[in-house]
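# Coordinates in review
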Amino acid sequence: MNSFEADYFDGLSARGHSVQLSIREGVLNWVSDTVSGSAPLTQLRWDPAVGQTHAIIHLNDGGMFLVHDRALGAHWPHAAGVGLERWAQVLEGRMLYALGALLMAGALVFSGLRWGVPAAAQVVAGMLPEQMAQIVGDQTLKVLEGMWLAPSQLPETRQHALAQQLDALCKRASCPPYQLLFRQGQRIGANAMALPGGAVVVTDELVLLARHDEEIVAVLSHELGHVHARHGLRMALQSLGAGVILVAITGDLGNVSDVAAGLPALLLQTGYSRGMEREADDFALHWLRTACVSPQRFADILQRLDKRPTETGLFDSHPGTAERIRQFSQASSC
Ligand SMILES: [Zn+2]
């Protein structure tokens, strides 16, 4: 049987006696060279240890035990139910919990950055005035034109015909406000990208890669998905983190250039996030069916884009491409 060290005080004198306590069948027993006795646990009162103090067992006759052995608490039937004091004792006694608390704080900061910032960016992007999105989009385009894009070499009639086709389909399936821009892709090759404010850039190389105009339209519908969900602005905000999002909330347009600064490189190097791509694909799939354009068109051009070695771009091959192609191939037409 377990025995536990304690000091016994009889309540009459200040002198304590060192005793051994044990519990057996609901009865506390104590024994030493000079005293011994027993009492049912139901007649005793347990005062738990808090911090560095000792637990105390009060006897009915005014006597008490100062318990040195903390392990007794585990054997005391009501000790576990003592609540806060008990918790304080457990927590204070274990560094592991302190370490756990530290890890939890770290996890909170991490999840704040991982999920909090994107979530805030989404909310803020929805709140910001269209004017701000336009300015960010214009600045982004200017940087892209300075470094990556050249004026389109496509005949004006060809550009016009494609713009007309998309415009006509937008009367069947609704489109967010957009401006279609043709540019030569040069190093970024066959590509298309949606910018904040609704500009959709499509490269000459992509137009030439397409074997059917509906393939171009299909790519554009995906870009319209990005425009619809304001992904450009969201990503620009997201990349700058919580501090700048807060500044952006104040609507101070003086900070627009900060917001726009990182976007061109982001768009070209990493593209939109997987989640955003999925949202744009969902939009495109729904749009194509409503506009009565076969979703297979998107799968076809995606397949061709995937096979082309490009230096960089939104359509860089990644493990998700095969899945995307399958999704559009298997989708039924209108
Ligand atoms: Zn995309």
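Residues numbered from 1 in each chain as written. Predicted model: local features only at pLDDT ≥ 70, side-chain atom pairs only at ≥ 80, totals over all residues. Heavy atoms only, no water.

Within the chain one finds 13 helices and eleven strands. Relative to all contacts within the chain whose residues are 6 or more apart in sequence, the contacts with residues 24 or more apart total 63%. (Helix = DSSP H or I, 4+ residues; strand = E, 2+ residues; numbered from the N terminus. Contact = heavy atoms within 4.5 Å.)

Once that is clear, we can look at the coordination of the zinc ion. Taken together, the protein ligands of the zinc ion are His222 (NE2), His226 (NE2), Glu277 (OE) and Glu277 (OE), with distances of 2.0 to 2.7 Å. Considering all four donor atoms around the zinc ion, angles at the metal cover 52 to 136° and the coordination shape is irregular. (Donors = N, O, S within 2.8 Å, 3.2 Å for Na, K, Ca; no water. Tetrahedral: all angles 85-135°; square planar, octahedral: opposite > 155°, others 65-115°.)

In this structure, Leu195, Leu206 and Trp287 are the most contacted members of the largest nonpolar core, which totals 65 residues. The contact partners of Leu206, leaving out residues within four places of it in the chain, are Ala190, Asn191, Ile216, Val219, Ile301 and Leu305. Formed by 19 residues, the second largest nonpolar core is a distinct cluster that contains Tyr8, Ala39, Leu44 and Leu72. (Core = buried A, V, L, I, M, F, W, Y, C linked by side-chain atoms within 4.5 Å. Buried < 20%, exposed > 50% of the residue type's maximum accessible area, 1.4 Å probe, protein only.)

A few words on the pattern of salt bridges. Applying the stated rule across the entire model yields ten salt bridges. Salt-bridge contacts for Arg45 lead to Asp47; the nearest nitrogen and oxygen are separated by 3.7 Å. For Arg45, a relative accessible area of 48% translates into the label partly exposed. Its salt-bridge partner being Glu145, residue Arg183 comes within 2.7 Å of it at the nearest N-O pair. Of this pair, Arg183 sits in strand E9 (residues 179-184) while Glu145 sits in helix H4 (residues 130-147), and the two are 38 residues apart along the sequence. Ionic contacts of the salt-bridge type, sharing partners, join the residues Glu277, Asp281 and Arg324 into one network. (Salt bridge = Lys/Arg side-chain N within 4 Å of Asp/Glu carboxyl O.)

Looking now at helix H11 (residues 274-291). The periodicity of an α-helix, 3.6 residues per turn, causes residues three or four places apart in sequence to face the same way. The end-to-end C-alpha distance of H11, which contains 18 residues, comes to 25 Å, matching closely the 26 Å that a straight helix rising 1.5 Å per residue would cover. Buried within H11 we find Met276, Glu277, Ala280, Asp281, Phe283, Ala284, Leu285, Trp287, Leu288 and Ala291. Of the residues one or two after H11, Cys292 is the one with positive phi, at around 65°. (Expected span 1.5 Å × (residues − 1).)

Spatially, E4-E3-E2-E1-E7-E6-E5 is the arrangement adopted by the seven strands of the open sheet, whose pairing is antiparallel. For this open sheet the edge positions go to strand E4 (36-40) and strand E5 (45-47), each flanked by a neighbour on one side alone. When the angles between neighbouring strand axes are averaged without regard to direction, this sheet yields 30°. Inspection of the sheet shows strand E3 (residues 27-31) paired to E4 by five bridges, in the antiparallel sense. Each residue of the ladder has a partner; that of Leu28, found in E4, is Ala39. (Pairing = 2+ DSSP bridges. Axes fitted to C-alpha atoms, helices over the stretch in contact; angles between N-to-C directions.)

As a further point, take the pairing of E3. Going residue by residue along E3, you find Leu28 and Trp30 tucked away on one face and Val27, Asn29 and Val31 left uncovered on the opposite face. Bridge count between strand E2 (residues 17-24) and E3: five bridges; the pairing is antiparallel. When the bridges of E3 are listed, Ile23 appears paired with Leu28. Between E2 and E3, which pair antiparallel in sequence order, lie two residues; one of them, Glu25, sits at a positive phi of approximately 50°.

Per-residue confidence for the chain averages 82 on the pLDDT scale, and 78% of its residues sit at or above 70. Averaged pLDDT values over the elements of the chain bottom out at 60 in helix H2 (residues 84-93) and peak at 97 in E9. (pLDDT = per-residue confidence, 0-100.)

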